[in-house]
Amino acid sequence: MSDSLRQRVQRDYERFATAGLPSALEQYLLDEYGLDMTAEHAGFRLKNPWGKASGQLSMTARQVEEDVAAGLGFVVLKTVIAQDEQGGQSMSAWAIPEARMVAEPIVGQSGEAGWTITWKGRGWWQPFEDYLQLIRDARRIASGTGTLIIPSCKYHLPSPDEPEWRIAEYDFTTAKLLEAWQASESPMPLEKDFSPTLAGSDRAAAQAKILEWLRFVPKLVRDSAARSGLGEVRIGMKLFNALFDDDFQLEMLNAIHGETDRPDFFIYANRLFDPNREFDGHRGVAYGGPDLSDRNLRVLDRWQQKRTRGVSERSKNRSQDGGLECSPSLTLRVGLPWSATGNITTGRMAVEYLLRGATSFQLHTFFQLPAEHYAMKSGNRTQRALHELYFHPQTGFVVWLHHMAKQKGICDRPIQFLEIARG
Ligand SMILES: Cc1cc2nc3c(=O)[nH]c(=O)nc-3n(C[C@H](O)[C@H](O)[C@H](O)COP(=O)(O)O)c2cc1C
């Protein structure tokens, strides 16, 4: 990377720390740094790849307003727990109020330092109608700004000894979400949150059940949308880090890449779980930090290798067969589009996910650090985070994207984010 580029980034980092980010940030990145940040999520074009991940920071219209003002590409709203028409919630254990939440330093197994948020809450616990109002408010606030609003839902997932799916919860919730989102005007993107615990189930039964969930849920949600007649849904599966080994993570990825009823996209991958750690008298907490990104990147590497191998073996077989057969493994070639989550606290880490094919990034922890950890002293927390993510002279996205373009021999300008994501 040229010294002049580094100096310009350093200058901008210092300048924007007091003056605030340029209002037309994407245009600035294009003009000054030759970067086209156009990204993609859930089949929608985004002005940039940065998104707020579902959680405590996307529960109110005020929070959405700040994110839209900061220019995020998308905001995923807090996860609502599905219910049927009578208000019955099979996943009601997930609708518990947040008690206390702390941002804590954490050191990964590699010795790398990072951050994790510890708390014991779960999904949306206010009335369902309030969530629908949040969708309506968020859509109004984001209208015409280019920020995409994405609801998130935890639908019923049967346990190993439960044969039935609660279709009434799927039907009622999907229809209400579509209506609030106004899906008659445009398809509604929807994230399906998993993060389950199958306490008490034996390993094989739990694994089989998880794979069944992943195969069935997209069709259940689409069928509900079709029955409602209220519009189309684009369903994304937010994969989680199960309490099993990396091989099982690959099985989960395989499960959503079946031949039929695939989701439209996926998100990889939600936080790790420590069943023994205690917080506020509650045993078992989710955590993030370097171990989360290490695991995610390791699994994504294996997934990529597997897919590449699948394609080359298949093309070999096809040429031996005369190339006429349409084979199942060809489905491996066209992987679903996906969004990255997990310890993205620098532009450099975002580039790691980009290199593995992510077309957008969704962050929670980095939008929640104590104020002294951001160099920018004006603006809201999201703007301060974006300032670090783009312009940090050592770890920022601008310097790392240029570095990577050089490594890959990409000389054309602008450097196109999406072209790199697509390899
Ligand atoms: C306090 C907190 C609450 C969260 N709530 C949800 C949620 O309701 N639904 C969901 O899909 N993910 C939830 N997550 C996971 C985040 O959306 C995100 O995927 C995960 O924390 C990894 O990103 P990060 O390392 O940037 O935090 C939550 C995370 C935190 C820290």
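Residues numbered from 1 in each chain as written. Predicted model: local features only at pLDDT ≥ 70, side-chain atom pairs only at ≥ 80, totals over all residues.

A. How the structure looks around the nonpolar core. Ranked by size, the top nonpolar core spans 101 residues in total, and within it Val75, Ile150, Leu239, Ala350 and Val398 carry the most contacts. Among residues more than four places away in sequence, those in contact with leucine 239 are Phe194, Met252, Phe266, Ile267, Tyr268, Ala269 and Asn270. (Core = buried A, V, L, I, M, F, W, Y, C linked by C-beta atoms within 7 Å. Buried ≥ 20, exposed ≤ 12 C-beta atoms within 10 Å, placed from the backbone. Contact = placed C-beta atoms within 7 Å.)

B. Representation of the packing of helix H1 (residues 3-19) against helix H11 (residues 397-407). For the pair H1 and H11, the least separation of the axes is 10 Å and the interaxial angle reads 160 degrees. Taken together, the axis directions place H1 and H11 in an arrangement best described as roughly antiparallel. Here the hand of the crossing between H1 and H11 comes out right-handed. Taken together, the residues of H11 that come into contact with H1 (itself represented by Leu5, Arg6 and Val9) are Val398, Val399 and His402. Here the residues of the contact of H1 with H11 sort into four nonpolar, one polar and one charged. (Axes fitted to C-alpha atoms, helices over the stretch in contact; angles between N-to-C directions. Helix = DSSP H or I, 4+ residues; strand = E, 2+ residues; numbered from the N terminus. Parallel < 35°, antiparallel > 145°, perpendicular 65-115°, else oblique. Left-handed = near helix turned anticlockwise from the far one by under 90°. Nonpolar A, V, L, I, M, F, W, Y, C, P; charged D, E, K, R; others polar.)

C. Spotlight on helix H9 (residues 347-355). Buried within H9 we find Gly347, Met349, Ala350, Val351, Tyr353 and Leu354. With its phi angle positive at about 110 degrees, glycine 357 sits one or two positions after the end of H9.

D. Seen up close, the site of the ligand. Neighbouring the ligand are 25 residues; Ala53, Gly55, Thr79, His364 and Thr365 lie closest to it. Put simply, the parts of the chain that give the shell around the ligand at least two residues each are strand S5 (74-81) and strand S7 (113-119). Its residues placed into classes, the shell around the ligand shows eight nonpolar, 13 polar and four charged. (Near = placed C-beta within 6 Å.)

E. Quick peek at the pairing of S7. Summarising the sheet, strand S6 (residues 101-107) and S7 pair through seven bridges and their orientation is antiparallel. Its bridge partner being in S7, alanine 103 is matched across the sheet by isoleucine 117. The loop that links S6 with its antiparallel partner S7 comprises five residues; one of these, glycine 111, has a positive phi angle of about 95 degrees. (Pairing = 2+ DSSP bridges.)

F. Focus on the sheet that holds strand S11 (residues 265-268). If you walk around this closed barrel you meet the eight strands as S4-S5-S8-S9-S10-S11-S14-S15, and the pairing is parallel. For this sheet, the mean inter-axis angle between neighbouring strands, taken without regard to orientation, is 30 degrees. Note: strand S4 (residues 50-52) against strand S15 (residues 361-363), three bridges, orientation parallel. Among the inter-strand pairings, lysine 52 is bridged to a residue of S15, identified as leucine 363.

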